[in-house]
There are 2 protein chains.
Amino acid sequence: MIRLESYLSGVWQPGKGEGRAFVDPTTGAALGTVDSSGLDIAGAVAHARARGTALRAMSFAERGALLNAIADVLVANKADYADIARRNSGNTARDAAIDIDGGIGTLKYYARLGRTLGAGRALIEPGEDQLAKAETFKARHIWTARPGVAIHINAFNFPSWGLWEKVAVAFLAGSPVVAKPASATAWLSERMVRDVVAANILPAGALSLVCGAGEGLLDAVDRFDAIAFTGSADTGAMIRGHARVMERAPRLNIEADSINVAVLGNSAAVGGDVFNLLLREVTNALSVKAGQLCTNIRRILVPRDKMAGFVEALVAKVDGIAVGDPALAETRLGPLCNDGQRKAALAGLARLTAEARPARGGDVPASVNGADAKKGAFLAPTLLVAPSGQNLSAVHDVEVFGPAATVIPYGSDDEAVALALRGEGSLAASLWVDEAAEAARLAAGLAPLHGRVLCVDPVVGASHTGHPIVMPQCIHGGPGRAGGGEELGGLRGLRFYSQRTALQGSPAMLEAVAGQAAVAAL
Amino acid sequence: MIRLESYLSGVWQPGKGEGRAFVDPTTGAALGTVDSSGLDIAGAVAHARARGTALRAMSFAERGALLNAIADVLVANKADYADIARRNSGNTARDAAIDIDGGIGTLKYYARLGRTLGAGRALIEPGEDQLAKAETFKARHIWTARPGVAIHINAFNFPSWGLWEKVAVAFLAGSPVVAKPASATAWLSERMVRDVVAANILPAGALSLVCGAGEGLLDAVDRFDAIAFTGSADTGAMIRGHARVMERAPRLNIEADSINVAVLGNSAAVGGDVFNLLLREVTNALSVKAGQLCTNIRRILVPRDKMAGFVEALVAKVDGIAVGDPALAETRLGPLCNDGQRKAALAGLARLTAEARPARGGDVPASVNGADAKKGAFLAPTLLVAPSGQNLSAVHDVEVFGPAATVIPYGSDDEAVALALRGEGSLAASLWVDEAAEAARLAAGLAPLHGRVLCVDPVVGASHTGHPIVMPQCIHGGPGRAGGGEELGGLRGLRFYSQRTALQGSPAMLEAVAGQAAVAAL
């Protein structure tokens, strides 16, 4: 049995309790335990905060080089990581690559940004305002690193990408990180951090890891810290209402439930290229990472007159999804993260099926390839069909975190937008159209309640990067129910860890400050 | 007796209770009552939210024209407003101008920005990212108006500027506003809104006013609303922890206590121009608006070897401050807002004087010109001197909201920065130096914990706009204790009312969207 440890104040240490088991979701067998009880988490947070000066003293180029060095360590150990991802997350090789390569790619992207920014340690916005009649008194706005620690509380579905996408941005901004992976899949995070620590490339205190419960982290926050949380709305609300968080009011970024929508446009020809690309995308939504992506398609809006053709074609694709042991080359859909997640998904499906009929799936499959469907956390790929856009409630409200989505008919552009907005704020929407003008119209309606809108037209075709895929160039996060957060988006992500300051003074003073900074808007 | 009314759902209406008295602080006499009990505030918020579509349908240029029309109404009635400011806020003519002209100027500034932005209704950031190998798939980021209402809870010290600086930004962003002025000085806000409503220039539902208690406002918030609060840290914490605010998690901007610092640099010659400018600035801090500015100088750091000369010169200036009835032309320091505010200031001073000796003031003056110093809410201009920078606690921690500041000696640059940061995050710092390089050094140290840093060197000289003065071009707000908010700053202020969305698609789609938008970064 594996016993995961925490890396606190520069020392690997096991918890002092029994711990909580984590499993192989393909078989249900326990793999090890995770525990942080009795550890000095407050001391570790203070240690990280005090050592933050080291990262802030580095130039952007040096921070970027550090990110590159981390990526190099991870690349060297990719095979080990894929093995852990399969065993502890039930990932197929493709699923594991999204998590592992996604993390490495994001580190490398931010490493490149750091190199571009060069020798500065602060960012200065382009442009200035003249505040007096003479040219003697002007203002510019600069961004500097806050003197706190970043506390990252990550979700179980991306133990690699979720860890490194946040670390990449925080490090480039000059902030030390204390990361807490979700216990169910912490093994991969722990192994990766072990390798990076062993490579001896990190400044002291730059990266700490809490494997186990995270309450102690919240008790340790202070005014200039930043908490970034990815997970359920309930846990997000708990963090927001935590007494110490309320009192010290650190920055808080929450990314929570999201009932994302894909819209087939009225201009899309049934059987056309874009129509087929949406079929492929929904099939991915019902298989990749067992559907456990916060950005995944949950609702598919289809013009009423195209419903029959779309559902028929989609059912044929869903029937082709091979479910089973993720170690098998033919498997496209592995198990959910564990039986608890499957129970939650089934409870959600029970609510959805009161409003929409299952065209496929809806339950534990009778059998799967190479595994026991019941002992493993398997769920059949599930396609629900709503009879109309009216009288739906749970479909817009309940996130089934697994391989499940609902097709909903609509008529006009306005109806599509109104139905999409019933999600009350989502991470990502996608539009699948034959005419770019239709996409522009729908996008204008959807933008205020979404962090990202993907538009696929015949010009984009297969060159799009996918509805659920978070590109580091684009912001990730959504308003309302989705938590109101904003991550990544190139340099935009640095905002969360930085303070913007209006600097008023003489041209010489402003030039002296600008000479130490790189020009950028966040 | 005046009975203030609220403007809700397009109707002026009095509260159904007795209400709370507001006074003339020069005499202590009651002027009228303010009350919102029994009014349908939730209905008014819903009304404003539903009518928000009207503002969002207007172009930026049209919204700017609306702001100009508001400013024109206010300009036409300035004399009435100055009279109310004197009677209800104890403002001198100069104090009143800062509040009234400050509000009008900010409206006009944002009106100009609106005209510059032109026909668009959304903002699109400059630059794009290519996401595929071919030029078929790119990303841009756009900002659109959130479909909620802006709830503005304002402080007593700026019933005009505080109202209109927030309205200007919200309206330009396309957000309807429900404003709640502080009860003690709501009269001026109420009269101004009355004049603007009577001019019949506002779209229905664009502006509502709650005169009285504001609890009902918080009970009415929803996911896409934005609450901007200016006032005490305690009230800020109450808003943050309010059950409905916690549950619906609207955007929240808090601007609270701030122990702002001014630093005389080691390069500044005693008796030189910059030295004298700081003397003038501190004298203003101890008189303008009776010291009741959240951005006001509270701590003055002075090189140890310049202390004696600085304090001596400053005392002479303080002795020249005429205290009394704000109606008298010679009065520079009028009363505080009311006796409650004076009691709070005296309680704060009791804590400060345990650490720093009063060189001048510290209590109710024995007599003032043309008024009864005790019946009116008068407080003597108060200059405290700390014996050293060591062993100070209350001086860095207690905001005395009145005409009071503390001089503190320091040695090195590093010591100055360390002492300034003991404020744990402030709205504004100022640096007074003879060498621009010294300002650049100190500014780099202060920036992470300040929303604004003003640097006065010989080139800037008297052309600076003042330590406490909030210029609409520059962001206003500060991290940590100061609440973590960010207002104004030109277009930067629109961020709070807007949603940023990554838009991914074909060049044609992105061009179609950009064609409806103005290019800007926030």
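The rules behind each value
Residues numbered from 1 in each chain as written. Chains lettered and ligands numbered in written order. Predicted model: local features only at pLDDT ≥ 70, side-chain atom pairs only at ≥ 80, totals over all residues. Heavy atoms only, no water. Helix = DSSP H or I, 4+ residues; strand = E, 2+ residues; numbered from the N terminus. Rg over C-alpha atoms; globule rule 2.2 N^0.38 Å. Buried < 20%, exposed > 50% of the residue type's maximum accessible area, 1.4 Å probe, protein only. Contact = heavy atoms within 4.5 Å. Areas by Shrake-Rupley, 256 points an atom, 1.4 Å probe, with all protein chains shown as cover. Buried area = accessible area lost by both parts, 1.4 Å probe. Salt bridge = Lys/Arg side-chain N within 4 Å of Asp/Glu carboxyl O. Polar contact = N/O pair within 3.5 Å; in protein donor to acceptor, adjacent residues only side chain to side chain. Nonpolar A, V, L, I, M, F, W, Y, C, P; charged D, E, K, R; others polar. Domains from an automatic or database assignment. Least-squares fit on C-alpha atoms with pLDDT ≥ 70 in both. pLDDT = per-residue confidence, 0-100. Patch = residues over 30% accessible without salt bridge, like charges linked within 9 Å, V, L, I, M, F, W, Y side chains within 5 Å. Lys, Arg positive; Asp, Glu negative; His and termini not counted. Charge placed at Lys NZ, Arg CZ, Asp CG, Glu CD. Pairing = 2+ DSSP bridges. Phe/Tyr/Trp six-rings, centres within 6.5 Å; stacked < 30°, edge-to-face > 60°. Lys NZ or Arg CZ within 6 Å of the ring centre and 35° of its normal. Axes fitted to C-alpha atoms, helices over the stretch in contact; angles between N-to-C directions. Parallel < 35°, antiparallel > 145°, perpendicular 65-115°, else oblique. Left-handed = near helix turned anticlockwise from the far one by under 90°. Expected span 1.5 Å × (residues − 1). Bend = angle between axes of the 7 residues up to and from the residue. Disulfide = S-S within 2.5 Å.

(A) Up close: the overall build of chain A. On a plain count of helices and strands, chain A comes out with 16 helices and 24 strands. Expected size for 522 residues packed as a compact globule is a radius of gyration near 24 Å; at 24 Å, chain A falls within 12% of this value. Across its three principal axes, chain A shows a C-alpha extent of roughly 70 × 65 × 40 Å. Expressed as a percentage of the 522 residues in chain A, the buried residues total 66%. In chain A, the proportion of contacts linking residues at least 24 apart, taken out of those at least 6 apart, comes to 77%. Accessible surface, chain A: about 16700 Å² in total, of which carbon and sulfur atoms supply 52%.

(B) Spotlight on the interface of chain B and chain A. At the junction of the two partners, chain B supplies 67 residues and chain A supplies 67 residues. When chain B packs against chain A, close to 5400 Å² is buried across both sides, 60% of that on carbon and sulfur atoms. On the chain B side of the contact with chain A, B:Met246, B:Arg500 and B:Gln504 bury the most area, a combined 11% of that side's loss. The interface formed by chain B and chain A contains eight salt bridges. Where B:Glu424 meets A:Arg223, a salt bridge forms, and the shortest distance between an N and an O atom there is 2.5 Å. Viewed at the interface, chain A and chain B are joined by 34 residue pairs in polar contact (both at pLDDT 80 or more). Only strand S8 (138-145), helix H8 (233-241), helix H9 (243-248), helix H15 (436-446), strand S20 (450-456), strand S23 (498-505) and helix H16 (507-514) of chain B provide two or more residues apiece to the side of chain B that touches chain A. Tallying contributions element by element places S23(B) first for the side of chain B that touches chain A, with seven residues. Of the residues in the side of chain B that touches chain A, the class split is 36 nonpolar, 17 polar and 14 charged.

(C) Fine view of the domain arrangement of chain A. Residues and elements named next belong to chain A. Taken domain by domain, chain A comprises domain 1 (39-247 + 501-519) and domain 2 (261-482). In this structure, domain 1 and domain 2 have C-alpha centres spaced 31 Å apart. Of the residues lining the interface, 20 residues belong to domain 1; the matching set on domain 2 comes to 22 residues. Interface area for domain 1 against domain 2, summed over the two sides, is near 1700 Å², with a carbon-plus-sulfur share of 64%.

(D) View of the environment of B:Thr382. All names here are of chain B. Counting through the fold element by element, Thr 382 comes out in strand S17 (residues 382-385). You can call Thr 382 buried: its relative accessible area is 0%. On a C-alpha basis, the gap between Thr 382 and Gly 362 in space is 5.2 Å, while along the polypeptide they are 20 residues apart. If we skip the residues at most four places from it in the chain, Thr 382 touches Leu 286, Leu 349, Arg 360, Gly 361, Gly 362, Asp 363, Pro 403, Ala 404 and Ala 405. Looking at Thr 382, its side chain comes within polar contact range of the main-chain nitrogen of Gly 362, at 2.8 Å.

(E) Focus on unusual backbone geometry. All names here are of chain B. Even without being glycine, Ala 290 reaches a positive phi, approximately 50°. You can see Ala 290 is positioned in the loop between helix H10 (273-285) and strand S15 (299-303). The class of Ala 290 is buried, set by a relative accessible area of 1%.

(F) Here's a closer look at the relation of the copies chain B and chain A. Overlaying chain B with chain A gives an RMSD of 0.0 Å, the required rotation being 180° about an axis along which the chain moves by 0.0 Å. Such a combination of rotation and displacement between the chain copies is what one expects of a two-fold axis. Here 100% of the contact residues of chain B are again contact residues in chain A; the copies associate through an equivalent surface.

(G) Summary view of the confidence of the model for chain A. For chain A, the mean per-residue pLDDT works out to 96, and 100% of the residues sit at or above 70. In the predicted assembly, ipTM is 0.97 and pTM is 0.97.

(H) Representation of a positive patch on the surface in the model. Residue and element names in this part refer to chain A. Side chains of Arg 94, Arg 280, Lys 317 and Arg 332 sit close together on the surface and give a patch of like positive charge. Mapped onto the elements of the fold, Arg 332 is located in the loop between helix H11 (307-319) and helix H12 (339-352). Classification of Arg 332 as partly exposed rests on a relative accessible area of 33%.

(I) Broad picture of the sheet that holds strand S1 (residues 2-3) of chain A. All names here are of chain A. With respect to topology, three strands assemble into an open sheet ordered S1-S5-S4, the strand pairing being mixed. What marks the edges here is a single partner per strand, and that holds for S1 and strand S4 (20-23). Pairing analysis gives four bridges linking S4 to strand S5 (residues 30-34), with the strands arranged antiparallel. Its bridge partner lying in S5, Val 23 is registered against Ala 30.

(J) Main features of the pattern of salt bridges. What the rule picks out here adds up to 48 salt bridges over all chains. Each member of the salt-bridge network shares a partner with another, and the members are A:Asp222, A:Arg223, A:Arg244, A:Glu247, A:Arg248 and B:Glu424.

(K) Summary view of the environment of A:Arg191. Residue and element names in this part refer to chain A. You can see Arg 191 is positioned in helix H6 (residues 186-198). Between the C-alpha atom of Arg 191 and that of Asn 296, which follows or precedes it by 105 residues, the distance is 27 Å. Leaving out residues up to four positions away in the same chain, Arg 191 has contacts with Asp 80, Tyr 81 and Ile 84.

(L) Summary view of the packing of aromatic side chains. Across all of its chains, the model carries 14 aromatic pairs over all chains by this definition. Residues A:Phe156 and A:Phe401 carry aromatic rings whose centres are separated by 5.9 Å and whose planes lie at 85° to one another, so their mutual orientation is edge-to-face. Here A:Phe156, found in the loop between strand S9 (150-153) and helix H5 (161-173), pairs with A:Phe401, found in the loop between helix H13 (394-397) and strand S18 (404-410); they are 245 residues apart in sequence, far enough to count as distant. Per residue, the accessibility class of A:Phe156 equals that of A:Phe401, and both read buried. Considering the side-chain rings of B:Tyr7 and B:Trp12, the 5.0 Å spacing of their centres and the 40° angle between planes classify their relative orientation as tilted. Residue B:Tyr7 is classed as buried on the basis of its relative accessible area of 14%. Residue placement shows B:Arg63 over the ring face of B:Phe60; its charged tip is 4.9 Å from the ring centre. Residue placement shows B:Lys289 over the ring face of B:Phe158; its charged tip is 4.7 Å from the ring centre.

(M) Here's a closer look at the sheet that holds strand S1 (residues 2-3) of chain B. Residues and elements named next belong to chain B. One open sheet holds the three strands; their spatial order is S1-S5-S4, and the pairing between them is mixed. The open sheet has two free edges, formed respectively by S1 and strand S4 (20-23), since each of these has just one partner strand. Relative to strand S5 (residues 30-34), S1 is paired through two bridges, and the arrangement is parallel. Paired with Ile 2 across the strands is Gly 32, a residue of S5.

(N) The packing of helix H3 (residues 78-89) of chain B against helix H6 (residues 186-198) of chain B, seen in detail. All names here are of chain B. Between H3 and H6, the least distance of the axes is 9 Å, while the angle of their chain directions is 160°. Considering the angle they form, H3 stands roughly antiparallel to H6. The hand of the H3/H6 crossing is right-handed. Residue-level contacts link Asp 80, Tyr 81, Ile 84, Ala 85, Arg 87 and Asn 88 of H3 to Ala 186, Trp 187, Leu 188, Arg 191, Met 192 and Asp 195 of H6.

(O) Representation of the packing of helix H14 (residues 413-421) of chain A against helix H15 (residues 436-446) of chain A in the model. Residues and elements named next belong to chain A. Direction vectors running N to C along H14 and H15 enclose 35°, while the axes themselves pass 9 Å from each other. The chirality of how H14 crosses H15 is right-handed. Residue-level contacts link Asp 413, Ala 416, Val 417, Ala 420 and Leu 421 of H14 to Glu 438, Arg 441, Leu 442, Gly 445 and Leu 446 of H15. When the residues that make up the contact of H14 with H15 are grouped by side-chain class, the tally is six nonpolar, one polar and three charged.

(P) A look at helix H1 (residues 41-57) of chain B. All names here are of chain B. Given a rise of 1.5 Å per residue, 17 residues ought to cover 24 Å, and the 25 Å separating the end C-alpha atoms of H1 matches this to within 8%. Within H1, the axis deviates most sharply at Arg 51, by approximately 35°. Taken together, the buried positions of H1 are occupied by Ile 41, Ala 44, Val 45, His 47, Ala 48, Gly 52, Leu 55 and Arg 56. The N-capping residue of H1, defined by a side-chain oxygen 2.8 Å from the backbone nitrogen of Gly 43, is Asp 40.

(Q) Structural context of the side chain of B:Thr406. Along the polypeptide, B:Thr406 turns up in strand S18 (residues 404-410). Dropping the residues within four chain positions of it, B:Thr406 is found in contact with B:Arg298, B:Arg299, B:Ile300, B:Leu352, B:Ala356, B:Leu384, B:Ala386 and B:Val395.

(R) Highlighting the state of the cysteines. All names here are of chain A. Here the structure, examined in full by the defined rule, presents zero disulfides over all chains. Unpaired in this structure, Cys 211 has its nearest cysteine sulfur neighbour in Cys 337, at a distance of 15 Å. Judged by relative accessible area, which is 0%, Cys 211 ranks as buried. The thiol of Cys 337 is not disulfide-bonded; the next cysteine sulfur, from Cys 294, is found 14 Å away.

(S) Up close: the environment of B:Gly466. Residues and elements named next belong to chain B. Topologically, Gly 466 is positioned in the loop between S20 and strand S21 (475-476). Separated by 175 residues in sequence, Gly 466 and Gly 291 place their C-alpha atoms 14 Å apart. Once residues lying within four places of it in the same chain are set aside, the contact partners of Gly 466 are Glu 281, Arg 452 and Leu 454.

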